[in-house]
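Observations on the three-dimensional arrangement
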There are 2 protein chains.
Amino acid sequence: MSMESAFAVLAEPNRRAILTLLVSSEQSVGEIERRLRLPQPAVSKHLRILKDAGFVESTVDAQRRVYRLTPEPLLEVDTWLAPFREYWSRHFDALARHLDRMQSSTPAKKKRGRTK
Amino acid sequence: MSMESAFAVLAEPNRRAILTLLVSSEQSVGEIERRLRLPQPAVSKHLRILKDAGFVESTVDAQRRVYRLTPEPLLEVDTWLAPFREYWSRHFDALARHLDRMQSSTPAKKKRGRTK
DNA sequence: CGACAATATGCCTTGACAGGTATATGCCAG
DNA sequence: CTGGCATATACCTGTCAAGGCATATTGTCG
């Protein structure tokens, strides 16, 4: 009954890792477990959540369950992101300024006191 | 000191609403407060988190603080998303199948039945 | 059928976080 | 300086989710 927003699901680092892993190809629970070095119950639980939220689907292969990616939620996220992409392309200058700043000094974030 | 992943920050619906609001133009705290009908402390807290995470920056205008969007974190999210976009373009067929399914039956909730 | 492999689920504890309310800080005008 | 507006922060509280562990479930094979 989570019906969590896709974003809430993606908030968990291990879940993002699982998804990224599935980009290369579908995987069984055991494989995910080994590659991410996570305890098996953790993997199953995260997969459950991913599945409920529509990020993945699974099929049965003997005793294994194989999981693979499903489009919906990430498309949704991408859609949400669209207005911002457009924003950056309009305020292209602001983007450039920021990228500049970023490249010149990479130390901790100091707040530049910009006044009018 | 959260240094939370951008995704964790986006997990909060009100924060996403604030960001979306800022796409149209920069806004003062009070404006955000009124448009989203949120209590003022809530707005300030969310803005603090958004600022710490680099989603927004603020400048002072008399007693008002005006907030505007900043690119970094959302670009990061967009970057994370890239491999998946590429994935869908390769497995284009799977995408199509899913979109089909989606369109044919548009019931309120898409609770996929048992995979038995 | 029994033993075993692969995966799922239940319970418990702990920590993080959002909401609410009260209060502090900063800034302006008279 | 005083009061008042705009915003920030402190504190408290309830909720909810992740981690860890034990156990249940399901499928396979001999």
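Structural notes, computed from the coordinates. (Residues numbered from 1 in each chain as written. Chains lettered and ligands numbered in written order. Predicted model: local features only at pLDDT ≥ 70, side-chain atom pairs only at ≥ 80, totals over all residues.)

So, on to the interface of chain B and chain A. Contacts between the two partners involve 26 residues from chain B and, on the opposite side, 26 residues from chain A. Counting residues per element, the side of chain B that touches chain A draws most heavily on helix 5 (residues 72-90) of chain B, at ten residues. Split by residue class, the side of chain B that touches chain A holds 16 nonpolar, six polar and four charged. (Contact = placed C-beta atoms within 7 Å. Helix = DSSP H or I, 4+ residues; strand = E, 2+ residues; numbered from the N terminus. Nonpolar A, V, L, I, M, F, W, Y, C, P; charged D, E, K, R; others polar.)

Let us now look at the sheet that holds strand 2 (residues 56-61) of chain A. Residue and element names in this part refer to chain A. Across the sheet, three strands lie side by side as 1-3-2; this open sheet has antiparallel pairing. Across the chains shown, the open sheet's two edge strands, defined by having one partner strand only, are strand 1 (27-28) and strand 2. Across six bridges, strand 2 lies against strand 3 (residues 64-69) in antiparallel orientation. Residue pairing for strand 3: aspartate 61 is matched across the bridge by arginine 64. Seen against the sheet, helix 4 (residues 40-52) touches strand 2 and strand 3 and runs at an angle of roughly 120 degrees to strand 2. (Pairing = 2+ DSSP bridges. Axes fitted to C-alpha atoms, helices over the stretch in contact; angles between N-to-C directions.)

A few words on the packing of helix 2 (residues 13-24) of chain A against helix 4 of chain A. Packed helices, taken two at a time, are described by the angle between their axes plus the distance between the axes. All names here are of chain A. One can describe the packing of helix 2 onto helix 4 by two numbers: an axis separation of 10 Å at closest approach and a directional angle of 80 degrees. Judged by the inter-axis angle, helix 2 sits roughly perpendicular to helix 4. Facing helix 2, whose interface residues are Asn14, Arg15 and Ile18, helix 4 presents Ala42, His46, Ile49 and Leu50. When the residues that make up the contact of helix 2 with helix 4 are grouped by side-chain class, the tally is four nonpolar, two polar and one charged. (Parallel < 35°, antiparallel > 145°, perpendicular 65-115°, else oblique.)

The next thing to look at is the protein's contact with DNA strand D. Around DNA strand D, a shell composed of 20 residues is seen, among which Pro41(A), Gly30(B), Pro41(B), Ser44(B) and Arg64(B) lie nearest. Elements supplying a minimum of two residues to the surface near DNA strand D: helix 4 of chain A together with helix 3 (29-36), helix 4 (40-52) and strand 3 (64-69) of chain B. With six residues, helix 4 of chain B is the single largest residue contributor to the surface near DNA strand D. Looking at the surface near DNA strand D, its residues break down into seven nonpolar, eight polar and five charged. (Near = placed C-beta within 6 Å.)

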